[in-house]
Amino acid sequence: MSMQLGLDGMPARLVRVTPSRLATWEDCRRRYRLTYLDRPAPPRGGPRAASTLGAVVHNALHAVFGEPPARRSPARAAAEVDRRWSDEGFRDDAQAAVYRERARGWVSDYVERHAVADAPEPAGETVGRERWLSAPVGTIVAEGRADRLDDRDGEIVVVDYKTGRRVPDRDDVARAPALALYALAVRRVLRRPCRRVELHHLPSGTVAAADHDEDTLAAHRARAEASAAGLAEAADALEAAPGRAEALFPPAPGPRCAACDVRRHCPEGRAAAPPDAAWAGLAP
Ligand code: SF4
C-alpha cells in the first residue's frame, strides 16, 4: 500500500492493484483469498492448453516487435512460435501439433498484415512491449503489463492480444477494465494522450477497437476504486480476525468453477460444475 494526503489532510491509503486482481475479487471472493492472500499459497491446478498457446503467441509477437519493421517477416514470426513452443496442457501430441501449426499461421498472418515495413494496416511505432505500468490513478495505484503500446500520430494506443475462442467486438473492448486502467496509467507514466484501446484476436485475424473519453475512463476508474477499497477492507478484516475467512471471502459457485485453478480447495465450486479438460477453451 502507498499513502497520499486525503481531502481532509490526513494520509489516505492508495491500494495497489492489477486488473487481474480486481477481476478475481469481482468474480469470486474465495478464489481471491486463495490466490492472493493465503500463504503459503495453496497448490493450483495443472497447466492448461489455452494458457500455453496464449503465452507462446504473446512471446513470439514480443520477439518480432522487438525488431525494426525491415527485419520482421512472416517466416521469422512462425520460427518464433517454433522456438517457444510447449505441449503443456494439450490432450496429446497430435492436438499439440495441430495448434502449433495454427499458431504459426496466426502469427505469420498477423505480422504480414500489421508489422512488416509495407504492412497494409501498420501498427505504428512500437513504444512498449510487455510494458510494466504502475501509476497512481485516483485512490489506487494501477499496475499491470500491457502487451503492446503503439504510437500512432502522437497518441498512444493500448494493444492486447487474444487467442481464445471468443471473437471480441467493440463493446468488449470498451467494457474491458484492464485496457481502461492501462490507458489511465499510460497517461501518467508516458505523459502522452491515450484514448484508443484495442483487442487483437489472432485466431480470427480481427481487431476490435474503442476510443475512450473522459467520462468512460472516469467510470472505469470509479469501479476499480470501489473494488480496490472492498478488497483492501476485507484483507484488513481477515488480518484482524483470521477465523472469519469464510464469511469475509465467500465462494461464488457457477459455471466459472469448471476452469478455476483453486477448485480442489473449494467443495462448493466442485459441486457447481464438473472440471473442464485441460485443453478446454482452445479456439476452434
Ligand atoms: S471453484 Fe468456483 S466458487 Fe470455488 S473458488 Fe473457484 S470460482 Fe470460487
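Residues numbered from 1 in each chain as written. Predicted model: local features only at pLDDT ≥ 70, side-chain atom pairs only at ≥ 80, totals over all residues. Heavy atoms only, no water.

Per an unreviewed UniProt entry, the protein chain goes by RecB family exonuclease and derives from Actinomycetospora cinnamomea.

Chemist: So what about helix α7 (residues 177–190)? Which residues, and what values?
Modeler: The end-to-end C-alpha distance of α7, which contains 14 residues, comes to 20 Å, matching closely the 20 Å that a straight helix rising 1.5 Å per residue would cover. By the burial criterion, the buried members of α7 are Leu179, Ala180, Leu181, Tyr182, Ala183, Leu184, Ala185 and Val186. In the stretch just after α7, Arg191 is the one whose phi turns positive, near 50°. (Helix = DSSP H or I, 4+ residues; strand = E, 2+ residues; numbered from the N terminus. Expected span 1.5 Å × (residues − 1). Buried < 20%, exposed > 50% of the residue type's maximum accessible area, 1.4 Å probe, protein only.)

Chemist: Tell me what's going on with helix α8 (residues 214–240), and back it up with residues and numbers.
Modeler: If you check α8, its first and last C-alpha atoms are 39 Å apart, about what 27 residues at 1.5 Å a residue would give, namely 39 Å. If you check which residues of α8 are buried, you get Leu217, His220, Ala224, Glu225, Ser227, Ala228, Leu231, Ala232, Ala234, Ala235, Ala237 and Leu238. For α8, the capping residue at the N-terminal end is Asp213, with a side-chain oxygen 3.0 Å from the backbone nitrogen of Asp215. (Polar contact = N/O pair within 3.5 Å; in protein donor to acceptor, adjacent residues only side chain to side chain.)

Chemist: So, the packing of aromatic side chains: which residues are in play, and what are the values?
Modeler: Evaluation of the coordinates by the stated rule reveals eight aromatic pairs. Plain terms: the ring middles of Tyr110 and Tyr161 are 6.0 Å apart, the flat faces sit at 90° to each other, and that makes the pair edge-to-face. Here the residue Tyr110 occupies a position in helix α5 (residues 93–114), and Tyr161 occupies one in strand β5 (residues 155–162), the gap between them amounting to 51 residues. Clustering of aromatic rings is evident, with ring pairs tying together Trp25, Tyr32, Tyr36 and Phe249. Positioned above the aromatic ring of Trp25, the side-chain terminus of Arg29 is 3.8 Å from the ring centre. (Phe/Tyr/Trp six-rings, centres within 6.5 Å; stacked < 30°, edge-to-face > 60°. Lys NZ or Arg CZ within 6 Å of the ring centre and 35° of its normal.)

Chemist: Give a detailed account of unusual backbone geometry, specifying residues and quantitative values.
Modeler: That bond from Arg39 to Pro40 is cis: its omega, 0°, falls within 30 degrees of zero. Note that Pro40 resides in the loop between α2 (29–37) and α3 (49–64). In this structure, Asp153 is a non-glycine residue whose phi angle is positive, near 55°. Looking at the secondary structure, you find Asp153 in the loop between β4 (140–152) and β5. Among the residues examined, Asp153 registers a relative accessible area of 82% and is labelled exposed.

Chemist: I'd like to hear about the environment of His114, residue by residue, with values.
Modeler: The residue His114 is located in helix α5 in this model. Under the relative-accessibility criterion, His114 is labelled buried at 7%. In sequence terms His114 and Gly124 are 10 residues apart; their C-alpha atoms lie 8.6 Å from each other. Residues within four places of His114 in sequence aside, it is in contact with Ala119, Glu121, Pro122, Ala123 and Val207. Engagement of the side chain of His114 in a polar contact is seen with the backbone oxygen of Glu121, the distance being 2.9 Å. (Contact = heavy atoms within 4.5 Å.)

Chemist: Can you lay out the domain arrangement of the protein chain for me, pointing to particular residues and giving the numbers?
Modeler: You can read the domains of the protein chain as domain 1 (2–44 + 223–267), domain 2 (49–114) and domain 3 (125–219). Taken over C-alpha atoms, the centre of domain 2 sits 22 Å from the centre of domain 3. Between domain 2 and domain 3, the residue contacts involve 13 residues of the former and 13 residues of the latter. Buried area between domain 2 and domain 3, summed over both chains or domains, comes out near 1300 Å², and the portion from carbon and sulfur atoms is 61%. Three residues stand out in domain 2 for area buried against domain 3, namely His58, Trp106 and Tyr110, and they jointly supply 42% of the buried area on that side. (Domains from an automatic or database assignment. Buried area = accessible area lost by both parts, 1.4 Å probe.)

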